[in-house]
Every structure is written in structure tokens, then in C-alpha cells.
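Commentary on secondary and tertiary structure
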Amino acid sequence: MVGLKEELLKSIWHAFTALDLDRSGKVLSHNLCTVLNVPHDPVALEEHFRDDDEGPVSNQGYMPYLNKFILEKVQGNFDKVEFNRMCWTLCAKKNLSKSPLLMSDEDAFKVWVIFNFLSEDKYPLIIVPEEIEYLLKKITEAMGAGWQQEQFDHYKIALNTSREGLSAWELIDLIGSGQFSRGMDRQTVSMAINEVFNELILDVLKQGYMLKKGHKRKNWMERWFVLKPNIISYYVSEDLKDKKGDIILDGNCCVEALPDKDGKKCLFLIKCLDKTFEISASDKKKKQEWIQAIQTTVNLLRVGSPPPHKEARQKRKELRQKLLAEQEELERQMKELQAANENKQKELETVRKQLEAAAARAAEEEKKRLQTQVELQDRFSLELEREKMVRQKMEEQVAQKSSELEQYLQRVRELEEMYKQLQEALEDEKQARQDEETVRRLQARLLEEETAKRAELEKWHLQQQQTIQMTEAEKQELENQRMMKEQALQVAMQQLKQLELERKEALEQYEEVKKKLETATNNTKSWKDKVAHHEGLIRLIEPGSKNPHLITNWGPAAFTEAELEERQRSWKGKKATSE
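Residues numbered from 1 in each chain as written. Predicted model: local features only at pLDDT ≥ 70, side-chain atom pairs only at ≥ 80, totals over all residues. Heavy atoms only, no water.

For the chain, an unreviewed UniProt entry supplies the name Switch-associated protein 70 and the organism Pycnonotus jocosus. Here the chain is described in UniProt, under the heading Subunit (unreviewed entry), as follows: "The SWAP complex consists of NPM1, NCL, PARP1 and SWAP70." (UniProt positions renumbered as here; feature names shortened; annotations may be inferred.)

Next up, the structure:
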């Protein structure tokens, strides 16, 4: 019921959008109840269409009424063609093109119904290029003409650049313009449209004249048989006005070929639960075609599959949805790769800035280190100069002390001379001894002073060595810091190279995804061709018209009435010219 509701909504949508529902909503609802065999509810209708402060009917307000009081009550016991014709009548006058078309209004109606069958399940309704190609191929094959794939590819490219698909009225204009049926007259185009309409809309799988054996009189009568997914109907003639009966098909039915008997050839038998039908085809080819078509229909009923054209439409729709999902997934992956690439670029830029900052800091620190080293060298030079000056002063003092010592020794000698002069006297001897003791004390003091000076010199020498050692330690520490910073710089450079490799890998992945997208597009085109070829193979060949033969003075004629009239006018023209 959900699929039926969607099919009904498409036709109603055309009528709904073409009418002014403030004035014509009741008319549309009444007509829908009539053609759909739904009981009328005048109270609900008047209540819904009352004119109050909330306004009469809006687009959103009419759909709940349509679903609740009409569509939910549809049982399927209505004439779909009559329903579609009612909706067509309401919307065709407003939307149908006024320009002359290579088709009648009846053909335009059938194209409109086919559009509703093939269009997408979203509003506003459109038919996508793949379904346009499928329909044009069916019509071209029904006309017996060759399909111009290159011409349609150019048209498809021009269509895809401007929109997603065509509306029903644009599709009618396209087929009626004769762009893809050049060289064909209106009658041929009309017959092709009718054949496609019978197959896609009326579910006619096969039709044609055959002989049927009666159940009571056992006589053979020619009947026009029409095969549908679950029934075979037979009529007096192909105008379908006088229906003689139905053969209900189900999974228990079977069809068998029979040998020729009673002067009848090309016989086959259709077995059902309650009846058996004997039928005679016109030739062996028609017999085999009917047996194969009926057996295929029974097999589909056994497995519960829809008719071939509906199953093919569903497969095309699923294929489009699958390709769309794959394309969206590829686009999502491409966006993710692009985002990842941008993140990598940002990370690389951040690392580059960090490296630049680290290099700047390292250069600044190296500059400071060199400046500190120069300052230390200058300080060491000053200290050395000071040491030299101190050493010179000490040398001068030592020289001075040496001079003083010489003077002291000279005085000692003078005293000794004096002592020698005073030795002779006893009185002077004691004084001489006291003077000698004084000299000894002075000498001891001088020695103590010399020892103190030597200790002071040793102390200065130790301080100088400690200062030199401290300078060497600071220099070694600065050298270690420089080595550590150089190692950190090398590690940062290795990380930069690693990030560059990752960026290249991301670009390679992006190229691979792009190639996969191109491959998916090529596969899509090849699958479309395969599906179209498959559908062309399974399309059932329908018999031609069975018009009575014309008789002339020379026997049966192989041309139509129109050709006879044309020949008669040509003969009269020649006769008039000769006179």
C-alpha cells in the first residue's frame, strides 16, 4: 500500500499544484473520491474547507486531509488510467506547451503517466538523466530506429551543467520535439509511445492474436491475448472492448508444449488449478515466445518478484543510490584527507616557526656566549696584567730588601771592624757582645720578614691558580651547553624531515582516492550500459497489428490504405498531365 500511495501522490501532486485550492479544493477531493472508489465524507470535506480566521486551505493543510480521508481508504479497486486521466485533465491545460509537438494529446498523456512512474520520489518531481536515457531507448527501439548514444551524451552533458533532471512538461517537449526521433512520422512515434505505455504502466508483458479451444463447444476461436504479471486476458479483437475471459496465473500454474492434432499446429497448454486451456499460435516462433513469456511470469509469481520493468527500475534506483553513497563517501574521505593535509601543513608551519625561534634563540645564546667569552678573556688579560705588576712590585721590593741586606751586611762588617778595634779593651768587649746580640736579633727579624713575604707570595700564587681553574670550568660548562643545543637542533631537523615524509604520504593517499573516484565513475558508466543492454534483451517482442488484407484487381495488396490513396492520386495526376 505504501508503493501505491506514492504512485497516487505523484499524479495528485500535479493536479494539486495546478489548482487554486481556495476555490477548487472541494472539486479535486470530490473527483479523487469518485475515481478511487472511496466513500464520500461531506462533513469532513466541509469542515476542512471552511473559511475561518485560520484561512481556507494551505498546502500543508490539505495533505493531512488527503492522507486521512482519501488515500488511507484506497483499496486498489479502481481504474488507474481513469485516475491518471482525471489528474491530467486538471493540470495539462495550465502546463502543457502551446508549441506544436510531434505527438497527440493522448500521447502526451501517456508520456506524463510514464514520467510519474520513472520520476524520483522527491518533490518537485523530476526525472533524472539515467531514466530519460532508459525511456528514450525504449521508444527508439519500439520505433525500430537506431539509438544515438553520442547525441544523448551531448544532451546529458548540457543538462547536467544546468539542472538535476527534467519536469514532466519538459520531458513531453523533449519527446514531442522529435530531437531523438528524426525521420519518424507522428503515427510511428504514437505507436512506440503506446507500446512503452502498455509495458511500463499497464504491465502488458506480451499481446497478440492466437486461437483458443472452447471448453463447452470445443471449437477454435481467434482471440486477442494480453499477458500481465498475474493474469492472461483474451478479447474478441485488439481494441479490448469485448472481453471474453481471464486466465488467472499463480505459482501453481504451468505451461507445456503439445504435439499437432486435429489439424491445429503450434499448440501449447496452460494448466491452472481449476481449468486447462489449449491455445494455438500462428507459428513456432510465436509459440515459443508465448511459452517462454508465460513460464517467466509464473516463475516470478513463485518467487514473489515484481514484473521485469519494475524490478529493473528498482535496480536502477538502488544502483543510483549506491553510486551516490559511494560518491558521498569518497567526497567525505577526500575532505578528511584534505583536512588532515591542512593539519599537517599547519603542524609543519608550527614546527618551522619553532625551529626558526630555536635557531634565533641559539644564535642569540651563541652571541651572548661569545660576548661572555670576550669579556672573560678581557678580564683574564686584566688579571694577568695585574699579576705582572704585582710581580714587578715584589721583585722591586726583593731588590730593595737585597739592597737593604747589603747595607746591613756592610754595617755588620763595620761593626766587626769596630769590635776588633774594641777587643783589646775589656770594657768594650761587653758592648761588642751586646751589639752582636742586637745584630743577631735584627737578622732573625729580617729572616721572619722574608718568610712572611714568601708565604704571601705563595698565597698569591695559589689564588692565581684557583682563578685560572674557575675560568676553565666556566668555559667547559659553556661548551657543554652549546653541544646540547646543537643536539636539540639536530633532533628538530629530523622531526621536520619526518613531517615532510608524512605530508608526501598524505598527498599520495589523496592521489589514490582520486584515482578510485575516476574508476568508480567509469564503472558507473559501464554498469549503466550493461543494465540498458540487459533490459533491451529481456524486452518482450510484441506482435504487429493484424489488419485485414486489401484486395486489388491483381490480387492481395502488400501496402496500406494510405499508400493506395497516394498511388491513386499519383495516377490521376499523371492522367491529367497527359490530357
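Now that the structure has been shown, we can carry on.
**Examining the nonpolar core**
With 62 residues, the main nonpolar core has Leu36, Trp112 and Ile172 as its most contacted residues. With nine residues, the top contributor of residues to this core is helix H6 (residues 105–118). Ignoring sequence-local partners within four residues, the contact set of Ile172 consists of Trp88, Leu96, Leu101, Met103, Ala108, Val111 and Trp112. Grouped together as the second largest cluster of nonpolar side chains are 22 residues, Ile232, Cys266, Phe277 and Ala281 included. (Core = buried A, V, L, I, M, F, W, Y, C linked by side-chain atoms within 4.5 Å. Buried < 20%, exposed > 50% of the residue type's maximum accessible area, 1.4 Å probe, protein only. Helix = DSSP H or I, 4+ residues; strand = E, 2+ residues; numbered from the N terminus. Contact = heavy atoms within 4.5 Å.)

**Digging into the pairing of strand S2 (residues 220–228)**
Direction of pairing for strand S1 (residues 206–213) relative to S2: antiparallel, over a ladder of eight bridges. Its bridge partner being in S2, Lys212 is matched across the sheet by Met221. Following S1, the chain reverses through six residues before pairing antiparallel with S2; Lys218 in that reversal takes a positive phi of roughly 60°. Strand direction decides the pairing type here: S2 and strand S3 (residues 231–235), joined by five bridges, are antiparallel. Looking at S3, one finds that Phe225 is bridged to Tyr234. (Pairing = 2+ DSSP bridges.)

**Brief notes about the confidence of the model for the chain**
A low pLDDT means the predicted coordinates there should not be read in detail. For the chain, the average pLDDT comes to 82, and 88% of its residues sit at 70 or higher. Low pLDDT (under 50) marks residues 52–59, which in the prediction has eleven contacts with non-local residues, meaning those over four places away or in another chain. Contacts of residues 537–542 to residues separated by more than four positions or lying in other chains number 13 contacts, the stretch itself having pLDDT below 50. (pLDDT = per-residue confidence, 0-100.)

**Brief notes about the packing of aromatic side chains**
In total, this model carries 15 aromatic pairs according to the counting rule given. Pairing Trp88 with Phe109 gives two aromatic rings, centres 6.0 Å apart and planes at 65°, and the pair type is edge-to-face. One end of the pair, Trp88, is in helix H5 (residues 80–95); the other, Phe109, is in helix H6, and 21 residues separate them in sequence. For the pair formed by Trp88 and Phe109, the shared burial category is buried. Ring centres of Phe109 and Phe197 lie 6.5 Å apart, and the angle between their planes is 50°; on these two criteria the pair is classed as tilted. Here Phe109, found in helix H6, pairs with Phe197, found in helix H10 (residues 186–200); they are 88 residues apart in sequence, far enough to count as distant. By relative accessible area, Phe109 is classed as buried at 1%. In this structure an aromatic cluster arises from ring pairing among Trp88, Phe109, Trp112, Trp169 and Phe197. It is Arg85 that lies over the ring of Phe109; its NZ or CZ is 4.3 Å from the centre. Sitting above the plane of the Phe117 ring, Arg313 keeps its charged end 4.1 Å from the centroid. (Phe/Tyr/Trp six-rings, centres within 6.5 Å; stacked < 30°, edge-to-face > 60°. Lys NZ or Arg CZ within 6 Å of the ring centre and 35° of its normal.)

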